[in-house]
Amino acid sequence: VQLQASGGGLVQAGGSLRLSCVASGPPESGNTMGWFRQAPGKEREFVAAISWNGVVKYYGDSVQGQAIISRDNAKNTVALQMNRLKPEDTAVYYCASRRLSSTASERSANAYDLWGQGTQVTVSS
């Protein structure tokens, strides 16, 4: 299975973007999907994660109230809606699939073993 992220682009501050991540095959039953981002010179940062059934959602402190994660298992997709974008949201955004056997937190990149190639989001002031 491979993950393909898309939807990034250049947007003005205050705008919105909807990122999408498509899996090439059915997601592993029970897995959590996540989004991370990495800005130049910074560590990879947790953005959001969603449980298999879509009921449980996690958000990073820096995107609380700004991001909405969703998934459609029938379409093998996970989406990240980012609203009220700020220049500091500029980064490459990655989707990832969490290992079922992982004991690491959903907020930790170490919990994920399958990553998409990333999509660039640039927010201009």
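The structure we're discussing is the one just above.
Now for a description of the structure that goes with this document. In this numbering scheme, every chain counts its residues from 1 along its sequence in written order. Selection of residues for local features in this predicted model requires a pLDDT of at least 70, selection of side-chain atom pairs for listing and counting requires 80 or more, and totals for whole chains, interfaces and linings are taken over all residues. Each side-chain value is derived from all of the structure's non-hydrogen atoms; neither hydrogens nor water enter the calculation.

**As for the overall build of the protein**
Reasoning step 1: Each helix is a run of DSSP H or I of at least 4 residues and each strand a run of E of at least 2, with the numbering of both proceeding from the N terminus. For the protein, the count of helices and strands is zero helices and eleven strands.
Reasoning step 2: Each helix and strand of the protein, ordered N terminal to C terminal, gives the series β-β-β-β-β-β-β-β-β-β-β.
Reasoning step 3: Both definitions apply: the radius of gyration is a C-alpha atom measure, and the globule rule equals 2.2 Å times residues to the power 0.38. Computed over its C-alpha atoms, the radius of gyration of the protein comes to 13 Å, within 12% of the 14 Å expected for a compact globule of 125 residues.
Reasoning step 4: On the principal axes, the C-alpha backbone points of the protein span a range of 40 × 25 × 25 Å.

**Considerations on the pattern of salt bridges**
Reasoning step 1: We define a salt bridge as a contact between a side-chain nitrogen of Lys or Arg and a carboxyl oxygen of Asp or Glu at a distance within 4 Å. This structure, assessed with the given rule, holds two salt bridges.
Reasoning step 2: With a closest N to O distance of 2.8 Å, arginine 37 and glutamate 45 form a salt bridge.
Reasoning step 3: Only protein chains enter the calculation, and the probe is 1.4 Å; a residue is then buried if its accessible area is under 20% of its type maximum, exposed if over 50%, and partly exposed in between. Assessed through its relative accessible area of 28%, glutamate 45 is described here as partly exposed.
Reasoning step 4: Aspartate 89 is the partner of arginine 37 in a salt bridge, and the nearest nitrogen-oxygen pair spans 2.8 Å. Here the residue arginine 37 occupies a position in strand β4 (residues 33-38), and aspartate 89 occupies one in the loop between β8 (77-82) and β9 (91-98), the gap between them amounting to 52 residues. Each member of the pair, arginine 37 as well as aspartate 89, carries the same accessibility label: buried.
Reasoning step 5: Through salt bridges that share partners, Arg37, Glu45 and Asp89 make up one connected network.

**Points about unusual backbone geometry**
Reasoning step 1: We note that asparagine 76 has phi near 55°; this positive angle belongs to a residue other than glycine.
Reasoning step 2: Of note, asparagine 76 is situated in the loop between β7 (67-72) and β8.
Reasoning step 3: Look at arginine 84: it is not a glycine, yet its phi comes out positive at around 50°.
Reasoning step 4: Within the secondary structure layout, arginine 84 lies in the loop between β8 and β9.

**Here's the deal with the environment of leucine 3**
Reasoning step 1: Here leucine 3 shows up in strand β1 (residues 3-6).
Reasoning step 2: Once the C-alpha coordinates of leucine 3 and glutamate 28 are considered, the two residues, 25 residues apart in sequence, prove to be 13 Å apart.

**Overview of the packing of aromatic side chains**
Reasoning step 1: Aromatic pairs are defined between Phe, Tyr and Trp rings, using the six-membered ring for Trp, whenever the two ring centres lie within 6.5 Å; interplanar angles under 30 degrees are classed as stacked, those over 60 as edge-to-face, and all others as tilted. Evaluation of the coordinates by the stated rule reveals five aromatic pairs.
Reasoning step 2: Centre to centre, the rings of tyrosine 94 and tryptophan 115 are 6.5 Å apart; their planes meet at 80°, and the pair counts as edge-to-face. Taken together, the residues span a long stretch of sequence, with tyrosine 94 in strand β9 and tryptophan 115 in strand β10 (residues 112-115) at a distance of 21 residues.
Reasoning step 3: Comment: the charge-over-ring label is applied if NZ (Lys) or CZ (Arg) is within 6 Å of the ring centre and within 35 degrees of the ring normal. The residue whose ring lies beneath arginine 44 is tyrosine 94, and the NZ or CZ to ring-centre distance is 4.0 Å.
Reasoning step 4: A cation over an aromatic ring shows up here: arginine 44 above the ring of tryptophan 115, its NZ or CZ 4.7 Å from the ring centre.

**Some points on the sheet that holds β1**
Reasoning step 1: The pairing criterion for strands is at least two bridges between them, as found by DSSP. The four strands lie next to each other as β1-β3-β8-β7, forming an open sheet whose pairing is antiparallel. The open sheet has two edge strands, β1 and β7, and neither has a second partner. Neighbour-to-neighbour, the strand axes of the sheet open up by a mean angle of 15°, direction not taken into account.
Reasoning step 2: In terms of strand pairing, β7 meets β8 through six bridges, oriented antiparallel. The residue of β8 that forms the bridge with alanine 67 is methionine 82. Helix axes are fitted only over the stretch in contact, all axes being lines through C-alpha atoms; the angle between N-to-C directions runs from 0 to 180 degrees.

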